[in-house]
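Close look at the chain arrangement
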Amino acid sequence: MVGVLAAALVLALPLVSAILFGLAGVLSFAAAAAGYGNHWVYGSDFMALGVVAFFGWIGKRKNRRESAAERQRQIDRDDRLETLLRQQRDQVQYPTEASTGTGGPPKATFPNFCPSCKHRNEQGVKFCAECGTALSPVASASASE
Ligand SMILES: [Zn+2]
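A quick note: this is a predicted structure, and the numbers were derived from the prediction, not measured.

1. Considering the overall build of the chain
- Tallying secondary structure elements over the chain gives four helices and two strands in all.
- The helix and strand sequence of the chain, counted from the amino end, reads α-α-α-β-β-α.

2. Some words on the nonpolar core
- A18, L20, F21, A24, F46, L49 and A53 form the largest nonpolar core, which has seven residues in total.
- Of all elements in the fold, only α2 (14-33) and α3 (39-93) reach the threshold of two or more residues within this core.
- At four residues, α2 tops the list of elements feeding residues into this core.

3. Remarks on α2
- Across its 20 residues, α2 extends 28 Å between first and last C-alpha, which sits within 8% of the 28 Å expected from 1.5 Å per residue.
- Within α2, the full set of buried residues consists of P14, S17, A18, L20, F21, A24, G25 and S28. Projected onto a plane normal to the axis of α2, the buried residues spread over an arc of 165° and lie on a single side. Seen from the buried face of α2, the exposed residues on the opposite side, beyond 90 degrees, are A30 and A33.
- Looking at the residues trailing α2, positive phi occurs at G35, about 125°.

Reading guide: rules and limits
Residues numbered from 1 in each chain as written. Predicted model: local features only at pLDDT ≥ 70, side-chain atom pairs only at ≥ 80, totals over all residues. Helix = DSSP H or I, 4+ residues; strand = E, 2+ residues; numbered from the N terminus. Core = buried A, V, L, I, M, F, W, Y, C linked by C-beta atoms within 7 Å. Buried ≥ 20, exposed ≤ 12 C-beta atoms within 10 Å, placed from the backbone. Expected span 1.5 Å × (residues − 1). Arc of directions from axis to C-beta.

Quick look at the structure:
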């Protein structure tokens with residue numbers, strides 16, 4: 001009876017079921033000591049199940065803690081990515097005057113973004129360093145606008 005209840009609880013509440021299995025084991029040993037010989041077998045079975053359930057509880061607790069940490073890491077990553085994307089958007093929309101301070105033509109210092117993957121490439125490169133897409137010359141891209 002106690003064992004059936006404990007078995008039903010193994011998945012939901014491993015720690016509770018571990019305690020109940022232990023209790024059932026003790027009760028079975030008590031019954032065996034009172035003269036019911038076959039309860040020695042039940043008792044050791046329940047004890048073994050209790051140990052299994054207990055380690056199941058430890059494993060579940062560990063998993064839960066790790067998945068929570070993993071979720072937090074993902075949130076942090078998303079935040080960082082969003083910040084980066086926002087910064088990149090700002091740079092595209094508002095190219096700062098400071099970046100053109102060398103006195104060269106402003107169009108030459110405009111960020112060389114890949115039209116395919118939006119990777120920001122070095123000035124003067126012909127192909128995207130990230131995906132290999134051919135980059136249109138900066139001069140003609142700026143002149144067409
Ligand atoms: Zn690219």
